[in-house]
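# Structural features, examined
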There are 2 protein chains.
Amino acid sequence: MRVMGVDPGLTRCGLSVIEGGTGRKVIALDVDVVRTPADMDLAERLLLIADAAEYWMDTHKPTVVAVERVFAQNNVRTAMGTAQAGGVIALGAARRGIPVAFHTPSQVKSAVTGNGTADKNQVTAMVTRILGLQTKPTPADAADALALAICHCWRAPMMERMAKAEAAAAEQKKRYDAKLKQIRKEAAVAKKG
Amino acid sequence: MRVMGVDPGLTRCGLSVIEGGTGRKVIALDVDVVRTPADMDLAERLLLIADAAEYWMDTHKPTVVAVERVFAQNNVRTAMGTAQAGGVIALGAARRGIPVAFHTPSQVKSAVTGNGTADKNQVTAMVTRILGLQTKPTPADAADALALAICHCWRAPMMERMAKAEAAAAEQKKRYDAKLKQIRKEAAVAKKG
């Protein structure tokens, strides 16, 4: 599974591509940060980001695009820009028929460090170790984009198993309910007769 | 000036096109609301909205696209979706070289009703009157999209005059400063001599 990780942002947007193997094996293929100037027109900034992300999709042909799910942060203005950057990238993926998955920051931190409230340094250190990189990826947005892709690689099979287990449980409950109904019906008939 | 007004949203996205004439004369050309189901994949919802908005841009060929500027609302989740819908539409405009302008809800309300805190009914009533419509536009998202386009038509010349006035004032100050410097220099020379 080839995963493109996106740490969305207007000023700095982290992009990464990793290849997930069997088990927890992951290999980094590419990582970069797209920057747009703060004094540029918002629509133009979104265009730069979308163009860069779509070029990556067309070049690396990821199986899935994993994007950080944005919540209201301390700075609402930043959160809006982040949501918009994530939105245009999700659109680019949808136009190419590539599925898009969203993971929250705490899911990402939890996946790579085992701690949902880990700080940026811990995330960067674990990403460096997991991928066996020679140097720490900088800036933090690059590390975050890699962490996001790793998180998706590791969570995807679990999410799939969870969905299957839930479906199986629902099916079992349906059969049980049907059986119970049948038994009650037979009991009622026996009583009457 | 042909203005496309956008009241962004994931569940309901209002689109309108109006033609602005001389003075405050405005004519409604089209209005509609794009809906996407809440249980649909986010990327797919953005794709539906972007496709609809881009079809409008290619059909109506607006001079400018006016989008509501999103602020954190009571519901943060809704605000994020709204920001993303606005983002993909701004991207579509940027790809076509159409300028995008953002107006805040209070600027829109203020422009059409004279009151920045007017309620939805007041906005709808004024939009109906200003455009001389036979019936009230519904749902509120349709009226909001029209209000946004009207707001842009009326604010644009003012914004342009403001920008010109500011540029003229800056130019005048520059000339004044240069003159002052020259006078001081001459005075210093006269003193010495």
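Residue indices begin from 1 for each chain and proceed along its sequence in written order. All chains are assigned letters beginning at A, and all ligands numbers beginning at 1, according to the order in which they are written. The model is predicted, so local features are restricted to residues of pLDDT at least 70 and side-chain atom pairs to those at 80 or more, both for listing and for counting; the totals for chains, interfaces and linings are taken over all residues. Side-chain measures here rest on the full set of heavy atoms in the structure, leaving out hydrogens and waters.

### So, the packing of aromatic side chains
Only the six-membered ring of Trp is used, alongside the rings of Phe and Tyr, when aromatic pairs are assigned; centres must lie within 6.5 Å, and planes under 30 degrees apart are stacked while those over 60 apart are edge-to-face, with the rest tilted. This structure, assessed with the given rule, holds 0 aromatic pairs over all chains. B:R24 extends its terminal NZ or CZ atom over the ring of B:W154, reaching a point 3.8 Å from the ring centre. The rule for a charge over a ring is simple: NZ of Lys or CZ of Arg within 6 Å of the ring centre, and within 35 degrees of the ring normal.

### Focus: the environment of A:S16
Residues and elements named next belong to chain A. Mapped onto the elements of the fold, S16 is located in strand 2 (residues 12-20). Considering only alpha carbons, one finds S16 and M4, 12 residues apart in sequence, at a separation of 5.5 Å. If near-sequence neighbours (up to four positions away) are discounted, S16 is found in contact with V3, M4, G5, D30, V31, W56, A145, L146 and A149. A 3.5 Å cut-off defines polar contacts: any pair of N or O atoms within that distance qualifies, except that in protein one atom must be a possible hydrogen donor and the other a possible acceptor, and neighbouring residues in sequence count only when both atoms are side-chain atoms. A distance of 2.8 Å separates the side chain of S16 from the backbone oxygen of A145, its partner in a polar contact. Numbering of helices and strands runs from the N terminus; a helix is a DSSP stretch of H or I covering at least four residues, while a strand is a stretch of E covering at least two. Whether two residues touch is decided by their heavy atoms; if any such pair falls within 4.5 Å, the residues are in contact.

### Considerations on the UniProt feature "active site" (unreviewed entry) in chain A
All names here are of chain A. Under the UniProt annotation, "active site" (unreviewed entry) lies at D7, E68 and D141. Spatially, the listed residues are clustered: although they cover 135 residues, their C-alpha atoms lie within 11.2 Å of one another. Turning to its location among the elements, D7 is positioned in strand 1 (residues 2-7). Non-local contacts of D7, meaning those with residues more than four positions away in its chain, are made with R12, C13, G14, E68, D141, D144 and A145. UniProt positions are given in the numbering used here, feature names are shortened, and annotations may be inferred rather than shown by experiment.

### Side note on the pairing of strand 4 (residues 64-68) of chain B
Residues and elements named next belong to chain B. Across the 5 residues of strand 4, 5 count as buried, placing the element largely inside the fold. Using a 1.4 Å probe on the protein chains alone, a residue whose accessible area is under 20% of its type maximum counts as buried, one over 50% counts as exposed, and one in between counts as partly exposed. The two faces of strand 4 match: V64, A66 and E68 on one face and V65 and V67 on the other face are all buried. DSSP-based pairing: two strands are paired if at least 2 bridges between them are found. By the bridge criterion, 4 bridges tie strand 4 to strand 5 (residues 100-103) in an arrangement that is parallel. Following the sheet pairing, V65 is matched in strand 5 by V100.

### Regarding the interface of chain A and chain B
Interface size, as often reported, equals the accessible area lost upon joining of the parts. Counting residues at the interface gives 27 residues for chain A, matched by 27 residues for chain B. Interface area, chain A with chain B, both sides summed: about 2100 Å², of which 69% is carbon and sulfur. Taken as a group, A:M80, A:L91 and A:R95 account for 26% of the area that chain A buries against chain B, more than any other trio of residues on that side. Only one rule defines a salt bridge in this text: a Lys or Arg side-chain nitrogen within 4 Å of an Asp or Glu carboxyl oxygen. Applying the counting rule to chain A against chain B returns 4 salt bridges. Between B:R95 and A:E54 there is a salt bridge, with its nearest N and O atoms 3.3 Å apart. Between chain A and chain B we count 6 residue pairs in polar contact (both at pLDDT 80 or more) in total. Per element, the largest residue contribution to the side of chain A that touches chain B is 12 residues, and it comes from helix 2 (residues 76-95) of chain A. Residue polarity is assigned by list, with Asp, Glu, Lys and Arg as charged and Ala, Val, Leu, Ile, Met, Phe, Trp, Tyr, Cys and Pro as nonpolar; anything else, Gly included, falls into the polar class. For the side of chain A that touches chain B, the residue count by class is 18 nonpolar, 2 polar and 7 charged. Two parts placed together each lose some accessible area; with a 1.4 Å probe, that loss summed over both constitutes the buried area.

### Things to note about the nonpolar core
Counting residues in hydrophobic clusters, the biggest one holds 56 residues, and the most contacted among them are A:M4, A:V65, A:I89, B:M4, B:V65 and B:I89. Looking at this core element by element, the count peaks at 10 residues for helix 1 (residues 42-60) of chain B. Leave out the neighbours within four places in its chain, and B:V65 touches B:M4, B:V6, B:M57, B:I89, B:A93, B:I98, B:P99, B:V100 and B:A101. Put simply, buried Ala, Val, Leu, Ile, Met, Phe, Trp, Tyr and Cys residues joined by side-chain atoms within 4.5 Å make one nonpolar core.

### Here's the deal with the sheet that holds strand 5 (residues 100-103) of chain A
All names here are of chain A. The 5 strands lie next to each other as 3-2-1-4-5, forming an open sheet whose pairing is mixed. Two strands in the sheet have a free side with no partner beyond their single neighbour: strand 3 (26-35) and strand 5. Sheet twist, expressed as the mean angle between neighbouring strand axes with direction ignored, is 20 degrees. Lines are fitted to the C-alpha atoms to define the axes, a helix being fitted only along its stretch in contact, and any angle between axes, read from their N-to-C directions, falls within 0 to 180 degrees.

### A short note on the side chain of A:H103
Tracing the backbone shows A:H103 in strand 5. Here A:H103 is in contact with A:A66, A:V67, A:E68, A:R69, A:V108, A:C151, A:H152, A:R155 and A:M159, once residues within four sequence places are set aside.

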